[in-house]
Amino acid sequence: MTNNSSNVNSQDIDGQINGWNRRLLISSISIWAIFFLISFIGNTWVSILCCKRLHFLGIKSYYFFSLALADLIFTLSTLFYVLNIVLPVSIFNNFTCKLFYYAINTSHGASVFNLLLLTYNRYVAVMSPLRAFTSQTKSKVRKTLLMTWFLALFPYSPLFFLYNVNKEKGESRRQHCSQTSSPFITSLYYALVTFFMYLMPLMAIIVAYSKICIRLSCTTNRIGTLGTYRRRKKAIKLLVIIVTLFFILWTPFNVMLIVIFVFKINFNRLNMAWAFSTLLVLVNASINPWLYLIMSRRTNGSVKSTPRIIKLEKL
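Rules used throughout
- Residues numbered from 1 in each chain as written.
- Predicted model: local features only at pLDDT ≥ 70, side-chain atom pairs only at ≥ 80, totals over all residues.
- Heavy atoms only, no water.
- Helix = DSSP H or I, 4+ residues; strand = E, 2+ residues; numbered from the N terminus.
- Buried < 20%, exposed > 50% of the residue type's maximum accessible area, 1.4 Å probe, protein only.
- Areas by Shrake-Rupley, 256 points an atom, 1.4 Å probe, with all protein chains shown as cover.
- Phe/Tyr/Trp six-rings, centres within 6.5 Å; stacked < 30°, edge-to-face > 60°.
- Axes fitted to C-alpha atoms, helices over the stretch in contact; angles between N-to-C directions.
- Parallel < 35°, antiparallel > 145°, perpendicular 65-115°, else oblique.
- Left-handed = near helix turned anticlockwise from the far one by under 90°.
- Contact = heavy atoms within 4.5 Å.
- Core = buried A, V, L, I, M, F, W, Y, C linked by side-chain atoms within 4.5 Å.
- UniProt positions renumbered as here; feature names shortened; annotations may be inferred.
- Polar contact = N/O pair within 3.5 Å; in protein donor to acceptor, adjacent residues only side chain to side chain.
- Expected span 1.5 Å × (residues − 1).
- pLDDT = per-residue confidence, 0-100.
- Nonpolar A, V, L, I, M, F, W, Y, C, P; charged D, E, K, R; others polar.
- Patch = residues over 30% accessible without salt bridge, like charges linked within 9 Å, V, L, I, M, F, W, Y side chains within 5 Å.
- Salt bridge = Lys/Arg side-chain N within 4 Å of Asp/Glu carboxyl O.

1. Side note on the overall build of the protein
Counting secondary structure elements, the protein contains eleven helices and four strands. Within the protein, the proportion of its 315 residues that are buried is 47%. By element, 69% of the accessible surface of the protein is carried by carbon and sulfur atoms, the whole surface being about 16400 Å².

Structure, rendered in structure tokens:
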């Protein structure tokens, strides 16, 4: 936090702004601005394309739209975080404080649930193609995704009770978000969230794709399945890349949650470490929309040469 000798503008003689070195802050904001624009433009573009081309892209357009929406929510949330650092007067009040943490964490939960749905979709398509063809309708997918977002709202609802605004000591008197509940309750909550919303989905996805790869390796020797195998391999390869990037770039963010809220470890440059972990998630959000576009083109591009299996391979 800022030095007690700082003035009302939270800027001291050492060139610090709200606890940040001026040069470091300018560099960090410049990097953030680049990824913010890439993420905002990319995810907005994907959302618009999915809405306009539902018939052309098929069922997977609903999944891409849902994932892009989750990334867009996280992207816009980081804008609020950066403005609160840069502006001389804190923009946090009790409502915005609670909403900020709730929006960031809910976007994570929605992304996890959507990736689990995509993984299940691929799993069924490979393990039981006939079942996937008969059960995966647009109406069912829409209802499932709506239920997914509805469920994603619940795991992070306790944040509305855990966070409140407190004023800093010293002359700056800036307001910042902090937990006002029992330390034990906060630690227990974040430990459970990390386990159920990060570790368990990660293990489930690893197991699912392991079985998918084993199944595909067995089907290559079957007559008449080579074309199907190639198309599925392309789709699954991109999905594995999307899932892998998600968990790699979200890992520092989850580690920071454990370090700060479960083990209550405080260290120098804590704010910087938290900001860096958030920036990595923004990098993930800026990469995802372009992967969605590549995936949709590849899976649709191969369909023209094999019209007999268009419907089976739409998923």
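Once the structure has been displayed, the description carries forward.
2. Some words on the packing of aromatic side chains
The full count for this structure, using the stated rule, is 20 aromatic pairs. Geometrically, the ring pair formed by F100 and Y101 is edge-to-face, given 5.0 Å between the ring centres and 75° between the ring planes. Ring plane angle 85° and centroid distance 5.2 Å describe the contact between W250 and F253, whose orientation is recorded as edge-to-face. With W250 and F253 both in helix α9 (residues 226–262) and three residues apart, this pair spans about one turn of that helix.

3. A short note on the packing of helix α3 (residues 60–86) against helix α4 (residues 94–127)
Look at α3 against α4: their axes get within 9 Å of each other, and the N-to-C directions meet at 155°. Judged by the angle between their axes, α3 and α4 are roughly antiparallel. Between α3 and α4 the crossing geometry is left-handed. In contact with Y63, S66, L67, A70, D71, I73, F74, S77, F80 and Y81 of α3, α4 contributes T96, F100, A103, I104, S107, A110, S111, N114, L115, L117, L118 and N121.

4. Focus on the nonpolar core
Soluble globular proteins tend to pack their nonpolar side chains together in the buried interior. Ranked by internal contacts, the top residues of the largest apolar core, which has 68 residues, are L159, Y163 and W274. The dominant element in this core, judged by the number of residues it contributes, is α9, at 13 residues. The contact partners of Y163, leaving out residues within four places of it in the chain, are C97, K98, Y101, C177, S178, Q179, Y190 and F261.

5. Overview of the UniProt feature "transmembrane region" (unreviewed entry) in the protein
In the numbering used here, UniProt assigns the "transmembrane region" (unreviewed entry) feature to residues 29–50, 62–87, 99–123, 144–163, 188–209, 238–262 and 274–295. Here residues 29–50 is 100% helix and 0% strand, with 31 Å between the C-alpha atoms at its ends. Annotation note: span residues 99–123, helix share 100%, strand share 0%, distance between end C-alpha atoms 35 Å.

6. Description of the environment of S28
Within the fold, S28 resides in helix α1 (residues 22–52). Residues S28 and A275 lie 247 residues apart in sequence; the distance between their C-alpha atoms is 8.8 Å. Here L24 takes part through its backbone oxygen, which lies 2.8 Å from a polar atom of the side chain of S28.

7. A short note on helix α6 (residues 138–152)
Given 3.6 residues per helical turn, the α-helix brings residues three or four places apart onto the same face. Here α6 contains 15 residues, and its C-alpha end-to-end distance of 21 Å stays within 8% of the 21 Å for a straight helix at 1.5 Å per residue. Each element contacted by the buried residues of α6 is listed here: α3 and α4.

8. Comments concerning the confidence of the model for the protein
Summarising the model, the protein shows a mean pLDDT of 78, and 76% of its residues fall at 70 or more. The least confident element of the protein is helix α11 (residues 310–313), whose mean pLDDT is 37; the most confident is α1, at 89. Below a pLDDT of 50 lies the segment residues 1–13, which in the model reaches 28 contacts outside its immediate sequence neighbourhood of four places, other chains included. The model gives residues 301–315 a pLDDT under 50, and that stretch makes 18 contacts with residues more than four places away or in other chains.

9. Quick notes on the side chain of S111
Take S111: it is sitting in helix α4. At 2.9 Å, the side chain of S111 forms a polar contact with the backbone oxygen of S107. Sequence-distant contacts of S111, that is, excluding residues within four places in its chain, are made with L67, A70, D71 and F246.

10. What to know about the packing of α1 against α3
One can describe the packing of α1 onto α3 by two numbers: an axis separation of 9 Å at closest approach and a directional angle of 155°. As the angle between them shows, α1 and α3 are arranged roughly antiparallel. Both α1 and α3 take part in a crossing whose hand is left-handed. Grouping the amino acids of the contact of α1 with α3 by side-chain chemistry returns 18 nonpolar, seven polar and one charged.

11. Observations regarding α3
For α3, which comprises 27 residues, the first-to-last C-alpha distance of 40 Å matches the rise-based estimate of 39 Å (1.5 Å per residue) to within 8%. The buried count for α3 comes to 19 of 27 residues, which makes it a mostly enclosed element.

12. Re the environment of K237
Secondary-structure assignment places K237 in helix α9. By relative accessible area, K237 is classed as exposed at 53%.

13. Focus on a nonpolar patch on the surface
Where nonpolar side chains cluster on the molecular surface, the patch consists of F184, I185, L188, L192, F195, F196, L199 and M200 and spans about 780 Å² of accessible area. Mapped onto the elements of the fold, F196 is located in helix α8 (residues 183–219). When its relative accessible area of 47% is taken as the criterion, F196 is described as partly exposed.

14. Re unusual backbone geometry
Even without a glycine there, the phi angle at K264 is positive, about 55°. Mapped onto the secondary structure, K264 falls in the loop between α9 and α10 (270–301).

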